[in-house]
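What follows is the residue order along each chain.
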2 protein chains.
Amino acid sequence: MSYRIITISRQFGSGGRTIGKKLAEALGIKCYDREIIDKVAEQSGFDKNYISEKGEYVPGGVFGTMMNRWSYSGPTNEERIWQIQAAYIKDLAEKESCVIVGRCADYLLSERDDVLKVFIHADDEYRAERIVKLYGESDINPEKRLKDKDKHRAAYYQIYTDMTFGDALNYDVCLDSGRIGEDKCVDILKDIFKLG
Amino acid sequence: MSYRIITISRQFGSGGRTIGKKLAEALGIKCYDREIIDKVAEQSGFDKNYISEKGEYVPGGVFGTMMNRWSYSGPTNEERIWQIQAAYIKDLAEKESCVIVGRCADYLLSERDDVLKVFIHADDEYRAERIVKLYGESDINPEKRLKDKDKHRAAYYQIYTDMTFGDALNYDVCLDSGRIGEDKCVDILKDIFKLG
(Lines give C-alpha, C1' and ligand atoms only; values in the text may rest on other atoms or scores of the structure.)
Protein backbone atom coordinates (compact mmCIF):
# COMPACT_ATOMS: atom_id res chain seq x y z
CA MET A 1 0.00 0.00 0.00
CA SER A 2 1.20 3.52 -0.64
CA TYR A 3 -0.09 6.51 1.31
CA ARG A 4 -0.81 9.87 -0.33
CA ILE A 5 -2.97 11.56 2.29
CA ILE A 6 -2.78 11.86 6.07
CA THR A 7 -5.90 12.81 8.00
CA ILE A 8 -5.45 14.01 11.56
CA SER A 9 -8.38 13.90 13.94
CA ARG A 10 -7.50 15.40 17.28
CA GLN A 11 -8.75 16.25 20.70
CA PHE A 12 -8.89 19.98 21.37
CA GLY A 13 -5.58 21.11 22.88
CA SER A 14 -3.70 17.90 22.07
CA GLY A 15 -1.41 19.56 19.54
CA GLY A 16 -2.78 17.54 16.62
CA ARG A 17 -2.80 20.60 14.39
CA THR A 18 0.82 21.44 15.20
CA ILE A 19 1.80 17.82 14.58
CA GLY A 20 -0.01 17.97 11.23
CA LYS A 21 1.85 21.12 10.22
CA LYS A 22 5.26 19.79 11.28
CA LEU A 23 4.57 16.49 9.55
CA ALA A 24 3.57 18.15 6.29
CA GLU A 25 6.70 20.28 6.45
CA ALA A 26 8.86 17.22 7.05
CA LEU A 27 7.25 15.44 4.11
CA GLY A 28 7.33 18.47 1.82
CA ILE A 29 3.57 18.45 1.31
CA LYS A 30 0.83 20.93 2.26
CA CYS A 31 -1.21 20.88 5.46
CA TYR A 32 -4.86 21.88 5.12
CA ASP A 33 -6.56 23.28 8.18
CA ARG A 34 -7.62 26.95 8.17
CA GLU A 35 -7.36 26.85 4.36
CA ILE A 36 -10.44 24.63 4.33
CA ILE A 37 -12.38 27.29 6.22
CA ASP A 38 -11.25 29.98 3.77
CA LYS A 39 -12.39 27.85 0.85
CA VAL A 40 -15.77 27.05 2.40
CA ALA A 41 -16.23 30.75 3.24
CA GLU A 42 -15.50 31.67 -0.34
CA GLN A 43 -17.98 29.15 -1.72
CA SER A 44 -20.76 29.52 0.82
CA GLY A 45 -20.71 33.21 1.67
CA PHE A 46 -20.68 32.46 5.39
CA ASP A 47 -18.30 34.19 7.76
CA LYS A 48 -15.04 32.38 8.58
CA ASN A 49 -15.63 32.36 12.33
CA TYR A 50 -19.12 30.99 11.80
CA ILE A 51 -17.72 28.19 9.61
CA SER A 52 -14.90 27.49 12.02
CA GLU A 53 -17.45 26.82 14.74
CA LYS A 54 -20.20 25.12 12.72
CA GLY A 55 -17.79 23.08 10.63
CA GLU A 56 -16.51 21.07 13.56
CA TYR A 57 -18.73 21.62 16.56
CA VAL A 58 -22.36 20.97 17.26
CA PRO A 59 -23.86 24.05 18.88
CA GLY A 60 -25.55 23.57 22.27
CA GLY A 61 -29.20 22.63 22.24
CA VAL A 62 -29.39 20.75 18.98
CA PHE A 63 -27.78 17.47 20.09
CA GLY A 64 -29.67 14.62 18.53
CA THR A 65 -32.23 16.83 16.86
CA MET A 66 -30.25 18.05 13.89
CA MET A 67 -30.98 15.09 11.67
CA ASN A 68 -34.69 15.43 12.35
CA ARG A 69 -34.69 19.13 11.60
CA TRP A 70 -33.09 18.49 8.22
CA SER A 71 -35.75 16.05 7.27
CA TYR A 72 -38.63 18.50 7.35
CA SER A 73 -37.20 21.97 6.91
CA GLY A 74 -34.56 21.56 4.21
CA PRO A 75 -30.82 21.82 4.72
CA THR A 76 -29.67 23.99 7.63
CA ASN A 77 -26.63 26.25 7.45
CA GLU A 78 -24.69 23.47 9.20
CA GLU A 79 -25.60 21.00 6.50
CA ARG A 80 -24.73 23.38 3.69
CA ILE A 81 -21.33 23.97 5.30
CA TRP A 82 -20.89 20.21 5.71
CA GLN A 83 -21.66 19.57 2.05
CA ILE A 84 -19.30 22.23 0.70
CA GLN A 85 -16.59 21.14 3.12
CA ALA A 86 -17.01 17.46 2.18
CA ALA A 87 -16.82 18.17 -1.55
CA TYR A 88 -13.74 20.33 -1.06
CA ILE A 89 -11.92 17.67 1.01
CA LYS A 90 -12.72 14.88 -1.46
CA ASP A 91 -11.52 17.03 -4.32
CA LEU A 92 -8.33 17.90 -2.43
CA ALA A 93 -7.52 14.22 -1.86
CA GLU A 94 -7.99 13.56 -5.54
CA LYS A 95 -5.64 16.32 -6.56
CA GLU A 96 -2.63 16.22 -4.24
CA SER A 97 -0.69 14.44 -1.54
CA CYS A 98 -1.37 16.39 1.69
CA VAL A 99 -2.19 16.43 5.41
CA ILE A 100 -5.78 17.31 6.34
CA VAL A 101 -6.55 18.30 9.92
CA GLY A 102 -9.98 17.66 11.43
CA ARG A 103 -13.36 18.07 9.73
CA CYS A 104 -14.13 14.31 9.64
CA ALA A 105 -11.71 13.91 6.73
CA ASP A 106 -10.99 10.35 7.89
CA TYR A 107 -14.66 9.51 7.38
CA LEU A 108 -15.04 11.47 4.16
CA LEU A 109 -12.06 9.68 2.62
CA SER A 110 -12.76 6.27 4.14
CA GLU A 111 -13.24 4.64 0.76
CA ARG A 112 -9.72 5.51 -0.31
CA ASP A 113 -6.93 3.08 0.47
CA ASP A 114 -4.15 5.67 0.30
CA VAL A 115 -5.17 7.56 3.45
CA LEU A 116 -3.26 7.19 6.71
CA LYS A 117 -5.85 7.91 9.38
CA VAL A 118 -4.42 9.39 12.58
CA PHE A 119 -5.97 10.36 15.91
CA ILE A 120 -4.04 12.55 18.38
CA HIS A 121 -5.13 12.86 21.99
CA ALA A 122 -3.70 13.68 25.41
CA ASP A 123 -4.85 13.79 29.00
CA ASP A 124 -6.68 16.79 30.43
CA GLU A 125 -3.72 18.09 32.41
CA TYR A 126 -1.47 18.28 29.36
CA ARG A 127 -4.17 19.85 27.21
CA ALA A 128 -5.23 22.37 29.86
CA GLU A 129 -1.69 23.62 30.28
CA ARG A 130 -1.26 23.78 26.51
CA ILE A 131 -4.41 25.78 25.75
CA VAL A 132 -3.61 28.35 28.43
CA LYS A 133 -0.13 28.75 26.91
CA LEU A 134 -1.52 29.03 23.38
CA TYR A 135 -4.78 30.90 23.79
CA GLY A 136 -4.23 32.62 27.13
CA GLU A 137 -6.39 32.64 30.24
CA SER A 138 -10.14 33.15 30.03
CA ASP A 139 -13.07 33.61 32.43
CA ILE A 140 -13.85 29.94 32.00
CA ASN A 141 -11.31 27.60 33.54
CA PRO A 142 -9.31 25.43 31.10
CA GLU A 143 -10.87 22.14 32.28
CA LYS A 144 -14.34 23.47 31.52
CA ARG A 145 -13.18 24.77 28.12
CA LEU A 146 -11.76 21.35 27.26
CA LYS A 147 -14.89 19.56 28.40
CA ASP A 148 -17.14 21.79 26.29
CA LYS A 149 -15.00 21.48 23.17
CA ASP A 150 -14.65 17.71 23.60
CA LYS A 151 -18.39 17.29 23.98
CA HIS A 152 -19.31 19.39 20.96
CA ARG A 153 -16.62 17.94 18.71
CA ALA A 154 -17.55 14.36 19.61
CA ALA A 155 -21.22 15.14 18.98
CA TYR A 156 -20.40 16.67 15.59
CA TYR A 157 -18.41 13.59 14.60
CA GLN A 158 -21.12 11.24 15.80
CA ILE A 159 -23.91 13.08 13.97
CA TYR A 160 -22.12 13.38 10.65
CA THR A 161 -20.29 10.04 10.55
CA ASP A 162 -22.42 7.80 12.78
CA MET A 163 -19.17 6.62 14.39
CA THR A 164 -17.67 7.26 17.82
CA PHE A 165 -15.00 9.96 18.04
CA GLY A 166 -11.78 8.49 19.42
CA ASP A 167 -12.68 4.85 18.72
CA ALA A 168 -9.29 3.32 17.87
CA LEU A 169 -10.87 1.07 15.25
CA ASN A 170 -11.55 4.10 13.03
CA TYR A 171 -7.86 4.98 12.73
CA ASP A 172 -4.61 3.42 11.56
CA VAL A 173 -2.61 5.13 14.30
CA CYS A 174 -3.63 6.80 17.57
CA LEU A 175 -1.03 8.57 19.68
CA ASP A 176 -1.06 10.28 23.06
CA SER A 177 0.94 13.41 22.27
CA GLY A 178 1.40 14.24 25.96
CA ARG A 179 3.03 10.89 26.65
CA ILE A 180 4.88 10.32 23.36
CA GLY A 181 5.89 13.94 22.74
CA GLU A 182 4.97 16.16 19.80
CA ASP A 183 8.19 15.68 17.81
CA LYS A 184 8.27 11.94 18.36
CA CYS A 185 4.68 11.75 17.02
CA VAL A 186 5.83 13.58 13.89
CA ASP A 187 8.75 11.16 13.44
CA ILE A 188 6.55 8.06 13.87
CA LEU A 189 3.96 9.30 11.38
CA LYS A 190 6.55 10.43 8.86
CA ASP A 191 8.15 7.01 9.03
CA ILE A 192 4.87 5.12 8.57
CA PHE A 193 3.82 7.40 5.71
CA LYS A 194 7.12 6.94 3.90
CA LEU A 195 7.21 3.19 4.33
CA GLY A 196 3.48 3.01 3.42
CA MET B 1 9.49 9.61 31.58
CA SER B 2 11.03 6.18 31.41
CA TYR B 3 9.03 3.07 30.47
CA ARG B 4 9.58 -0.28 32.17
CA ILE B 5 6.42 -2.14 31.20
CA ILE B 6 4.47 -2.51 27.97
CA THR B 7 0.86 -3.68 28.13
CA ILE B 8 -0.71 -4.93 24.92
CA SER B 9 -4.47 -5.02 24.61
CA ARG B 10 -5.55 -6.52 21.33
CA GLN B 11 -8.46 -7.52 19.20
CA PHE B 12 -8.72 -11.26 18.65
CA GLY B 13 -6.79 -12.23 15.53
CA SER B 14 -4.98 -8.89 15.19
CA GLY B 15 -1.55 -10.37 15.95
CA GLY B 16 -1.16 -8.38 19.16
CA ARG B 17 0.27 -11.39 20.96
CA THR B 18 2.85 -12.03 18.23
CA ILE B 19 3.78 -8.34 18.26
CA GLY B 20 4.20 -8.54 22.04
CA LYS B 21 6.47 -11.57 21.77
CA LYS B 22 8.61 -10.06 19.00
CA LEU B 23 8.80 -6.76 20.87
CA ALA B 24 9.93 -8.43 24.10
CA GLU B 25 12.55 -10.36 22.17
CA ALA B 26 13.81 -7.18 20.49
CA LEU B 27 14.03 -5.46 23.87
CA GLY B 28 15.58 -8.42 25.66
CA ILE B 29 12.76 -8.62 28.20
CA LYS B 30 10.13 -11.27 28.93
CA CYS B 31 6.63 -11.40 27.44
CA TYR B 32 3.87 -12.60 29.76
CA ASP B 33 0.81 -14.16 28.18
CA ARG B 34 0.18 -17.88 28.74
CA GLU B 35 2.55 -17.69 31.73
CA ILE B 36 -0.11 -15.66 33.53
CA ILE B 37 -2.61 -18.47 33.03
CA ASP B 38 -0.12 -21.03 34.37
CA LYS B 39 0.45 -18.92 37.44
CA VAL B 40 -3.26 -18.35 38.10
CA ALA B 41 -3.89 -22.09 37.61
CA GLU B 42 -1.21 -22.89 40.14
CA GLN B 43 -2.61 -20.49 42.72
CA SER B 44 -6.32 -21.08 42.19
CA GLY B 45 -6.54 -24.78 41.42
CA PHE B 46 -8.66 -24.09 38.32
CA ASP B 47 -7.94 -25.73 35.00
CA LYS B 48 -5.84 -23.75 32.50
CA ASN B 49 -8.44 -23.86 29.74
CA TYR B 50 -11.08 -22.67 32.17
CA ILE B 51 -8.87 -19.76 33.24
CA SER B 52 -7.96 -18.93 29.67
CA GLU B 53 -11.63 -18.48 28.88
CA LYS B 54 -12.85 -16.90 32.14
CA GLY B 55 -9.79 -14.69 32.53
CA GLU B 56 -10.52 -12.68 29.43
CA TYR B 57 -14.02 -13.40 28.18
CA VAL B 58 -17.45 -12.98 29.67
CA PRO B 59 -19.41 -16.18 29.14
CA GLY B 60 -22.75 -15.86 27.34
CA GLY B 61 -25.79 -15.09 29.41
CA VAL B 62 -24.20 -13.15 32.24
CA PHE B 63 -23.66 -9.81 30.50
CA GLY B 64 -24.50 -7.07 32.92
CA THR B 65 -25.54 -9.37 35.71
CA MET B 66 -22.15 -10.42 36.99
CA MET B 67 -21.68 -7.44 39.27
CA ASN B 68 -25.08 -8.01 40.83
CA ARG B 69 -24.44 -11.68 41.36
CA TRP B 70 -21.25 -10.91 43.27
CA SER B 71 -23.02 -8.60 45.59
CA TYR B 72 -25.31 -11.20 47.12
CA SER B 73 -23.69 -14.57 46.63
CA GLY B 74 -20.00 -13.97 47.33
CA PRO B 75 -17.23 -14.06 44.77
CA THR B 76 -17.81 -16.23 41.72
CA ASN B 77 -15.07 -18.31 40.10
CA GLU B 78 -14.64 -15.45 37.62
CA GLU B 79 -14.00 -12.98 40.40
CA ARG B 80 -11.54 -15.26 42.16
CA ILE B 81 -9.64 -15.66 38.89
CA TRP B 82 -9.74 -11.89 38.36
CA GLN B 83 -8.33 -11.22 41.83
CA ILE B 84 -5.46 -13.72 41.57
CA GLN B 85 -4.68 -12.52 38.04
CA ALA B 86 -4.71 -8.85 39.12
CA ALA B 87 -2.41 -9.48 42.09
CA TYR B 88 -0.01 -11.46 39.90
CA ILE B 89 0.15 -8.75 37.21
CA LYS B 90 0.72 -5.96 39.75
CA ASP B 91 3.45 -7.99 41.38
CA LEU B 92 5.07 -8.69 38.02
CA ALA B 93 5.18 -5.00 37.15
CA GLU B 94 6.82 -4.28 40.46
CA LYS B 95 9.51 -6.88 39.94
CA GLU B 96 10.66 -6.65 36.32
CA SER B 97 10.62 -4.83 33.03
CA CYS B 98 8.36 -6.86 30.71
CA VAL B 99 5.59 -7.02 28.10
CA ILE B 100 2.17 -8.12 29.36
CA VAL B 101 -0.43 -9.23 26.82
CA GLY B 102 -4.15 -8.82 27.51
CA ARG B 103 -5.94 -9.40 30.80
CA CYS B 104 -6.75 -5.71 31.40
CA ALA B 105 -3.14 -5.09 32.43
CA ASP B 106 -3.42 -1.51 31.12
CA TYR B 107 -6.19 -0.88 33.62
CA LEU B 108 -4.57 -2.80 36.48
CA LEU B 109 -1.36 -0.81 36.10
CA SER B 110 -2.99 2.52 35.31
CA GLU B 111 -1.58 4.19 38.39
CA ARG B 112 1.97 3.53 37.28
CA ASP B 113 3.68 6.11 35.10
CA ASP B 114 6.22 3.69 33.63
CA VAL B 115 3.71 1.69 31.57
CA LEU B 116 3.44 2.12 27.81
CA LYS B 117 -0.16 1.19 27.04
CA VAL B 118 -0.70 -0.27 23.58
CA PHE B 119 -3.81 -1.39 21.68
CA ILE B 120 -3.48 -3.51 18.52
CA HIS B 121 -6.41 -3.94 16.15
CA ALA B 122 -7.11 -4.74 12.50
CA ASP B 123 -10.09 -5.00 10.18
CA ASP B 124 -12.22 -8.14 10.00
CA GLU B 125 -10.81 -9.28 6.66
CA TYR B 126 -7.23 -9.29 7.91
CA ARG B 127 -8.15 -10.98 11.18
CA ALA B 128 -10.37 -13.61 9.55
CA GLU B 129 -7.59 -14.63 7.20
CA ARG B 130 -5.12 -14.72 10.05
CA ILE B 131 -7.17 -16.87 12.43
CA VAL B 132 -7.86 -19.45 9.72
CA LYS B 133 -4.12 -19.61 8.99
CA LEU B 134 -3.25 -19.88 12.68
CA TYR B 135 -6.06 -21.95 14.16
CA GLY B 136 -7.39 -23.71 11.06
CA GLU B 137 -10.94 -23.93 9.73
CA SER B 138 -13.86 -24.67 12.03
CA ASP B 139 -17.59 -25.34 11.69
CA ILE B 140 -18.21 -21.71 12.54
CA ASN B 141 -17.13 -19.25 9.87
CA PRO B 142 -14.23 -16.92 10.78
CA GLU B 143 -16.39 -13.75 10.74
CA LYS B 144 -18.73 -15.27 13.33
CA ARG B 145 -15.77 -16.43 15.44
CA LEU B 146 -14.34 -12.91 15.40
CA LYS B 147 -17.66 -11.33 16.26
CA ASP B 148 -18.18 -13.65 19.23
CA LYS B 149 -14.67 -13.16 20.60
CA ASP B 150 -14.86 -9.37 20.11
CA LYS B 151 -18.16 -9.19 21.93
CA HIS B 152 -17.10 -11.29 24.89
CA ARG B 153 -13.70 -9.64 25.26
CA ALA B 154 -15.20 -6.15 25.09
CA ALA B 155 -17.81 -7.12 27.68
CA TYR B 156 -15.13 -8.53 30.00
CA TYR B 157 -13.10 -5.32 29.73
CA GLN B 158 -16.17 -3.17 30.31
CA ILE B 159 -17.32 -5.11 33.37
CA TYR B 160 -13.94 -5.24 35.09
CA THR B 161 -12.60 -1.81 34.20
CA ASP B 162 -15.74 0.26 33.61
CA MET B 163 -14.03 1.59 30.47
CA THR B 164 -14.68 0.98 26.78
CA PHE B 165 -12.47 -1.57 25.04
CA GLY B 166 -10.69 0.06 22.11
CA ASP B 167 -11.23 3.65 23.24
CA ALA B 168 -8.06 5.40 22.05
CA LEU B 169 -8.01 7.60 25.15
CA ASN B 170 -7.14 4.59 27.32
CA TYR B 171 -3.89 3.93 25.46
CA ASP B 172 -0.63 5.70 24.62
CA VAL B 173 -0.44 4.06 21.19
CA CYS B 174 -3.03 2.26 19.05
CA LEU B 175 -1.97 0.61 15.81
CA ASP B 176 -3.81 -1.15 13.00
CA SER B 177 -1.53 -4.15 12.47
CA GLY B 178 -3.18 -5.02 9.16
CA ARG B 179 -2.42 -1.59 7.72
CA ILE B 180 0.91 -0.85 9.40
CA GLY B 181 2.31 -4.39 9.29
CA GLU B 182 3.36 -6.60 12.19
CA ASP B 183 7.10 -5.92 12.02
CA LYS B 184 6.64 -2.17 11.60
CA CYS B 185 4.42 -2.18 14.72
CA VAL B 186 7.24 -3.88 16.62
CA ASP B 187 9.75 -1.27 15.39
CA ILE B 188 7.52 1.67 16.34
CA LEU B 189 6.86 0.32 19.83
CA LYS B 190 10.50 -0.58 20.43
CA ASP B 191 11.50 2.90 19.43
CA ILE B 192 8.94 4.61 21.70
CA PHE B 193 9.84 2.33 24.61
CA LYS B 194 13.55 3.00 24.25
CA LEU B 195 13.19 6.76 23.92
CA GLY B 196 10.54 6.79 26.71
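All values derive from a computational prediction rather than experimental measurement.

Definitions and cut-offs
Residues numbered from 1 in each chain as written. Chains lettered and ligands numbered in written order. Predicted model: local features only at pLDDT ≥ 70, side-chain atom pairs only at ≥ 80, totals over all residues. Heavy atoms only, no water. Helix = DSSP H or I, 4+ residues; strand = E, 2+ residues; numbered from the N terminus. Rg over C-alpha atoms; globule rule 2.2 N^0.38 Å. Contact = heavy atoms within 4.5 Å. Areas by Shrake-Rupley, 256 points an atom, 1.4 Å probe, with all protein chains shown as cover. Lys, Arg positive; Asp, Glu negative; His and termini not counted. Charge placed at Lys NZ, Arg CZ, Asp CG, Glu CD. Core = buried A, V, L, I, M, F, W, Y, C linked by side-chain atoms within 4.5 Å. Buried < 20%, exposed > 50% of the residue type's maximum accessible area, 1.4 Å probe, protein only. Least-squares fit on C-alpha atoms with pLDDT ≥ 70 in both. Buried area = accessible area lost by both parts, 1.4 Å probe. Salt bridge = Lys/Arg side-chain N within 4 Å of Asp/Glu carboxyl O. Polar contact = N/O pair within 3.5 Å; in protein donor to acceptor, adjacent residues only side chain to side chain. Nonpolar A, V, L, I, M, F, W, Y, C, P; charged D, E, K, R; others polar. Pairing = 2+ DSSP bridges. Phe/Tyr/Trp six-rings, centres within 6.5 Å; stacked < 30°, edge-to-face > 60°. Lys NZ or Arg CZ within 6 Å of the ring centre and 35° of its normal.

A. Local environment of the overall build of chain A. Tallying secondary structure elements over chain A gives 10 helices and five strands in all. Over its C-alpha atoms chain A spans a radius of gyration of 16 Å, differing by no more than 12% from the 16 Å that the globule rule assigns to 196 residues. By its C-alpha atoms, chain A is 50 × 40 × 30 Å across when sized along the principal axes. For chain A, long-range pairs separated by at least 24 residues make up 74% of all intrachain contacts whose partners lie at least 6 apart in sequence. Accessible surface, chain A as shown: approximately 9,100 Å² in total, 47% of it carbon and sulfur. Taken as two groups, the 30 positive and 34 negative side-chain charges of chain A have centres that lie 3 Å from each other.

B. Highlighting the nonpolar core. Ranked by size, the top nonpolar core spans 64 residues in total, and within it Ile-100 of chain A together with Ile-100 of chain B carry the most contacts. Discounting residues that sit within four places of it in the chain, Ile-100 of chain A has contacts with Ile-5, Ile-6, Thr-7, Ile-8, Tyr-32, Ile-36, Ile-89, Leu-92, Ala-105 and Leu-109 of chain A. Grouped together as the second largest cluster of nonpolar side chains are 46 residues, Leu-27, Val-101, Val-118 and Ile-180 of chain B included.

C. Representation of the relation of the copies chain A and chain B. Between chain A and chain B, the superposition needs a rotation of 180 degrees and an axial shift of 0.0 Å, giving an RMSD of 0.0 Å. Put plainly, the chains are arranged around a two-fold axis. Most of the interface of chain A is mirrored in chain B, where 100% of its interface residues again form contacts.

D. Local environment of the interface of chain A and chain B. Of the residues lining the interface, 25 residues belong to chain A; the matching set on chain B comes to 25 residues. Summing the contributions of chain A and of chain B, the shared interface buries around 2,000 Å²; its carbon and sulfur component is 53%. Contact with chain B buries surface across chain A, with Asp-172, Arg-179 and Lys-184 of chain A losing the most and accounting together for 31% of the total. Linking chain A with chain B are six salt bridges, by the criterion used here. Run the count over chain A and chain B and you get 19 residue pairs in polar contact (both at pLDDT 80 or more). Those elements that provide at least two residues to the side of chain A that touches chain B are β4 (115-121), β5 (173-176), α9 (177-180) and α10 (182-195) of chain A. Of the residues forming the side of chain A that touches chain B, the biggest block, five residues, is contributed by α10 of chain A. Of the residues in the side of chain A that touches chain B, the class split is 15 nonpolar, three polar and seven charged. Bridging between β5 of chain A and strand β5 (residues 173-176) of chain B involves three bridges; their strand directions are antiparallel.

E. Inspection of the packing of aromatic side chains at higher detail. Applying the stated rule across the entire model yields 18 aromatic pairs over all chains. A centroid spacing of 5.3 Å and a plane angle of 85 degrees characterise the contact between Phe-119 of chain B and Phe-165 of chain B, whose relative ring orientation is edge-to-face. With a gap of 46 residues between them, Phe-119 of chain B in strand β4 (residues 115-121) and Phe-165 of chain B in the loop between α8 (142-161) and β5 connect regions that are remote in the sequence. By relative accessible area, which is 19% here, Phe-165 of chain B ends up buried. Members of the aromatic cluster, connected to one another through ring pairs, are Phe-119, Tyr-157, Phe-165 and Tyr-171 of chain A. It is Lys-149 of chain A that lies over the ring of Phe-12 of chain A; its NZ or CZ is 5.2 Å from the centre.

Nothing here speaks to function; it is all geometry.
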